[in-house]
Amino acid sequence: MSQFADKRNARRRTIGLLFAGATGIAAAGLPALGRAQARPVLRIGYQKYGTLTLLKGRGTLEKRLASKGVDVKWTEFPAGPVLLEGLNVGSIDFGTVGEAPPIFAQAAGANLVYVGNEPPSPSSEAIVVRKDSRARSLADLKGKKIVLNKGSNVHYLLVKALEKAGLAYKDVDVVFLPPADARAAFERGSVDAWVIWDPFLAAAEKQLGARVLLDGTGLVANHQFYLAARPYAEKHPEIVRIVIEELAAVDEWGLKNQKEVAAILSVQTGLDSGVVELAASRYAYGVRAVTPEVIAAQQKVADAFAALKLIPRPIAVKDALLPYKL
């Protein structure tokens, strides 16, 4: 073999080894040369109501976080308990729920933190009966079937309403169903009453002629809470702070622009404008930092659930706070 051929074969072997090495690096999960790096993503869980849905519709958070090189991914959940389950298993980083879901989640060991809340909105949840029901008070529902989403904000409303009416929790037949299934059961008469929140409440009133037996006024605060996965909040406090700031900004805008709020929410929820306008009229606007007073109120909710053995163990709500201010 000629000297030229020997050099050519040696060069081929060298190129082959370099190619194999690069392939091995890529296979090991290390970035190959020239491959674009994935941008960090904030994963937000939301429901068919409230300021997070409005924020999604306006798109201002995406613009704010784009300057930080962060993308936003939105995932809709039918109710708070499943949203917090998603937070606990790591499929989302941030979300909003009512009073009861974080208590059930914390009692189940979820590693979450409270990062903000909306003012009380007691009229945004209610116990409703069909328009032809003979029930005129909660006492008329003794021994009857009442449907609700287990672990949602309305669960506490039922507890407090029964207490005020002088009834025990066991005096009614509580049926647990998610909102869509609960509405179907309510419509066909399989249950006697439905405990539900907006905008499902507004839809029941507008579309089914459901009659409000009582709402949360004088019984519950019905705060909406913003929560984050603790590892995310501790690693990315600036991002969480930006989300809260953008929520506060859209709240301030929404308070002055009710018609525009209804229009955006109608598109986001797929509900007609009449339903959304009724629900939006009962919203409480104004994101706030979680205060000791709010945590004390949450502790009362947790203690009530523990006393009824609706959660597996007593909890200290303050344990779900960050040790510092955002």
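Everything below is about the structure printed above this text.
In this report, we go over the structure that sits alongside the text. (Residues numbered from 1 in each chain as written. Predicted model: local features only at pLDDT ≥ 70, side-chain atom pairs only at ≥ 80, totals over all residues. Heavy atoms only, no water.)

Quick look at the overall build of the protein chain
Of regular secondary structure, the protein chain possesses 13 helices and ten strands. Looking at the protein chain as a whole, 48% of its 326 residues qualify as buried. (Helix = DSSP H or I, 4+ residues; strand = E, 2+ residues; numbered from the N terminus. Buried < 20%, exposed > 50% of the residue type's maximum accessible area, 1.4 Å probe, protein only.)

Remarks on the environment of Lys68
Within the secondary structure, Lys68 is located in the loop between helix H3 (60-66) and strand S2 (71-76). Note: C-alpha distance between Lys68 and Ile239 (171 residues apart in sequence) is 8.8 Å. Apart from the residues within four sequence positions on either side, Lys68 is in contact with Glu238 and Ile242. One polar contact links Lys68 to Glu238, side chain to side chain, over a distance of 2.8 Å. (Contact = heavy atoms within 4.5 Å. Polar contact = N/O pair within 3.5 Å; in protein donor to acceptor, adjacent residues only side chain to side chain.)

A closer look at helix H8 (residues 200-208)
Three or more residues of H8 are buried, namely Leu201, Ala202, Ala203, Ala204 and Leu208. In this structure, the buried residues of H8 make contact with strand S5 (125-129), helix H7 (179-188), strand S8 (193-197), strand S9 (211-215) and helix H12 (273-280). Directly after H8, the chain includes Gly209, whose backbone phi takes a positive value near 70 degrees.

Thoughts on the side chain of Ser124
When you line up the elements, Ser124 lands in the loop between strand S4 (112-117) and S5. A distance of 2.9 Å separates a polar atom in the side chain of Ser124 from the backbone oxygen of Arg282.

Side note on empty space enclosed by the protein
As enumerated under the stated definition, the model contains one cavity of 30 Å³ or more in all. The calculated volume of the largest cavity comes to roughly 260 Å³. Elements supplying a minimum of two residues to the lining of the largest cavity: helix H2 (50-58), helix H4 (80-89) and strand S3 (94-97). The element contributing the most residues to the lining of the largest cavity is H2, with three residues. (1 Å grid on protein atoms, 1.4 Å probe; cavity = no way out; pocket = protein on both sides within 12 Å on 5 of 7 lines; lining within 4 Å. Points joined across faces, edges and corners; volume = space filled by probe spheres on them.)

Topic: the packing of H8 against H12
In the contact formed by H8 and H12, the axes pass within 8 Å of each other and the chain directions differ by 135 degrees. By the angle between their directions, the pair H8 and H12 is classed as oblique. Crossing geometry of H8 relative to H12 is assigned as right-handed. Two secondary-structure elements touch here, H8 through Ala202, Ala203, Glu205, Lys206 and Gln207 and H12 through Gly274, Val275, Leu278 and Ala279. Considering only residue class, the contact of H8 with H12 consists of five nonpolar, two polar and two charged. (Axes fitted to C-alpha atoms, helices over the stretch in contact; angles between N-to-C directions. Parallel < 35°, antiparallel > 145°, perpendicular 65-115°, else oblique. Left-handed = near helix turned anticlockwise from the far one by under 90°. Nonpolar A, V, L, I, M, F, W, Y, C, P; charged D, E, K, R; others polar.)

Observations regarding the packing of aromatic side chains
For the coordinates displayed, the defined rule picks out eight aromatic pairs. Relative to Trp74, the ring of Tyr46 has its centre 5.9 Å away and its plane inclined at 80 degrees; by these criteria the two rings are edge-to-face. In this pair, Tyr46 is assigned in strand S1 (residues 41-46) and Trp74 in strand S2, connecting sequence segments 28 residues apart. Both residues of the pair, Tyr46 and Trp74, belong to the buried class. Their ring planes at 45 degrees and their centres at 5.6 Å tell us that Phe186 and Trp194 sit as a pair that is tilted. There is no split in this pair, since Phe186 and Trp194 are both buried. An aromatic cluster is built from Phe104, Tyr156 and Phe305, whose rings are joined through pairwise contacts. Above the face of the Trp253 ring, Arg58 is positioned so that its terminal group lies 3.9 Å from the ring centre. (Phe/Tyr/Trp six-rings, centres within 6.5 Å; stacked < 30°, edge-to-face > 60°. Lys NZ or Arg CZ within 6 Å of the ring centre and 35° of its normal.)

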